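Observations on chain architecture
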Amino acid sequence: MDVSEFKSRFLPCHRRMFLTALRLTRNRQDAEDIVQDAFTKLWERRKEMLVERNVEAYCQTLVRNLFIDRQRRQHLKPATHTADDLQLADLSAAETDMERQESQQMVGQLISQLPEKQRQIITLRDVEGLTYEEIAQQTGLTEVNIRVLLSRARKTIREQFKQQTHHEHA
């Protein structure tokens, strides 16, 4: 694969790769670093990439894996995801900003406690906004499995959120 073919194949994925990295890191500089690392790896693997069908899914997975590797190396906890990211509408408009922030932190903690596959699916679907088909391509799961895992993850978060907020107000 020459430079022009590489550019035409992978540069269109840049924006989505950056947005994914930004959501994961919550830091523009770190996101840029991860995307740069991803493009370096893609260049190094360009000969293997001739058979890759879904380039965008491959790039998204690469960015996520680089983020995880970086977190492991730095011994840091992964960025938590907020209720706004997940578009959970359980928060009433009457809550104060402080209560909302506490709720968002709680949802992030609940997500981090989910089993790995459920955490991955809810992040891909509700945070990154991928379609079921895109998630299936990235994970190798069927769309039916994805829907089941997503449903279980959301149900678990709802139940634990209600339970924890009930205990706080009791």
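Shown above is the structure to which this text applies.
Conventions adopted
- Per chain, residue numbering runs from 1 following the sequence as it is written.
- In view of the model being predicted, local features appear only for residues whose pLDDT reaches at least 70, and side-chain atom pairs are presented and counted only at 80 or more, with totals across whole chains, interfaces and linings using the full set of residues.
- Calculation of side-chain values draws on the structure's entire complement of heavy atoms; hydrogens and water are dropped beforehand.
- Numbering of helices and strands runs from the N terminus; a helix is a DSSP stretch of H or I covering at least four residues, while a strand is a stretch of E covering at least two.
- Exposed residues in this analysis have more than 50% of their type's maximum accessible area, buried residues have under 20%, and partly exposed residues fall in between, with area computed by a 1.4 Å probe over protein chains only.
- Residue contacts are counted whenever heavy atoms from the two residues lie within 4.5 Å of one another.
- The nonpolar core is taken to be a set of buried Ala, Val, Leu, Ile, Met, Phe, Trp, Tyr and Cys residues, with the residues joined through side-chain atoms within 4.5 Å.
- Between N-to-C directions, angles cover 0 to 180 degrees, with each direction set by a line fitted to C-alpha atoms, over the stretch in contact for helices.
- The crossing is said to be left-handed when, going from far helix to near helix, the turn is anticlockwise and less than a right angle, and right-handed when the turn is clockwise.
- The span you would expect from a helix comes to 1.5 Å times its residue count less one.
- Here the arc refers to the set of directions running from the helix axis out to each C-beta atom.
- Any pair of N or O atoms that falls within 3.5 Å is considered a polar contact. Within protein, one atom must be able to donate a hydrogen and the other to accept it, and sequence-neighbouring residues count only if both atoms are side-chain atoms.
- Ring pairs shown here join Phe, Tyr and Trp side chains whose ring centres sit within 6.5 Å, with only the six-membered ring taken for Trp; geometry is labelled stacked below 30 degrees between planes, edge-to-face above 60, and tilted in between.
- Look at NZ for Lys and CZ for Arg. If either is within 6 Å of the ring centre and within 35 degrees of the ring normal, a charge sits over the ring.

Right, let's get into the environment of C13. One can find C13 in the loop between helix 1 (3-10) and helix 2 (14-25). On the basis of relative accessible area, C13 is assigned to the buried category, the value being 5%. Non-local contacts of C13, meaning those with residues more than four positions away in its chain, are made with V55, E56 and C59.

So, on to the nonpolar core. With 19 residues, the main nonpolar core has F10, M17, F39, L42 and C59 as its most contacted residues. Among the secondary structure elements, those contributing two or more residues to this core are helix 1, helix 2, helix 3 (28-44) and helix 4 (55-74). When near neighbours in sequence (up to four residues on either side) are disregarded, M17 contacts V35, A38, F39, L42, C59, Q60 and V63. In terms of nonpolar packing, the next biggest core, distinct from the first, is built from 18 residues, L110, I111, I135 and A153 among them.

Let us look at the packing of helix 4 against helix 8 (residues 132-139). Contact pair helix 4 / helix 8: the axes reach a minimum separation of 9 Å and the direction vectors enclose 65°. Read as a crossing pair, helix 4 and helix 8 show a hand that is right-handed. Facing E56, A57, Q60, T61 and R64 of helix 4, the residues of helix 8 in contact are E134, Q137 and Q138.

Let's shift gears to helix 3. Between its terminal C-alpha atoms helix 3 stretches 24 Å, which fits the 24 Å expected from 17 residues at 1.5 Å a residue. Considered for burial, the residues of helix 3 that qualify are A31, I34, V35, A38, F39 and L42. All buried residues of helix 3 project into a common sector of 140° when viewed along the axis, lining one side. Turned more than 90 degrees away from the buried face of helix 3 sit Q36 and E44, all of them exposed. On its buried side, helix 3 packs onto helix 1, helix 2 and helix 4. For helix 3, the N-terminal cap is N27; the gap from its side-chain oxygen to the backbone nitrogen of Q29 is 2.9 Å.

Quick look at the side chain of T20 now. Tracing the chain through its elements places T20 in helix 2. For T20, a relative accessible area of 1% puts it in the buried group. Among the polar contacts made by the side chain of T20, one reaches the main-chain carbonyl oxygen of R16 at a distance of 3.0 Å. A polar contact is formed between the side chain of T20 and the side chain of Q60, at a distance of 2.4 Å. If sequence neighbours within four positions are ignored, T20 has contacts with Q60, V63, R64 and E128.

What follows deals with the packing of aromatic side chains. Here the structure, examined in full by the defined rule, presents two aromatic pairs. Residues F6 and F10 carry aromatic rings whose centres are separated by 4.8 Å and whose planes lie at 50° to one another, so their mutual orientation is tilted. On the criterion of helical spacing, the pair formed by F6 and F10 is a turn pair, its members being four residues apart in helix 1. One exposure class covers both F6 and F10, and it is buried. Ring geometry for F6 and W43: centres 5.0 Å apart, planes at 85°, overall edge-to-face. Residue F6 is located in helix 1, and its partner W43 is located in helix 3; the two are separated by 37 residues in the primary sequence. In textbook terms, an aromatic cluster arises when at least three aromatic residues are bridged by ring pairs, as seen for F6, F10 and W43. The aromatic ring of Y132 is capped on one face by R147, whose charged end is 3.8 Å from the ring centroid.

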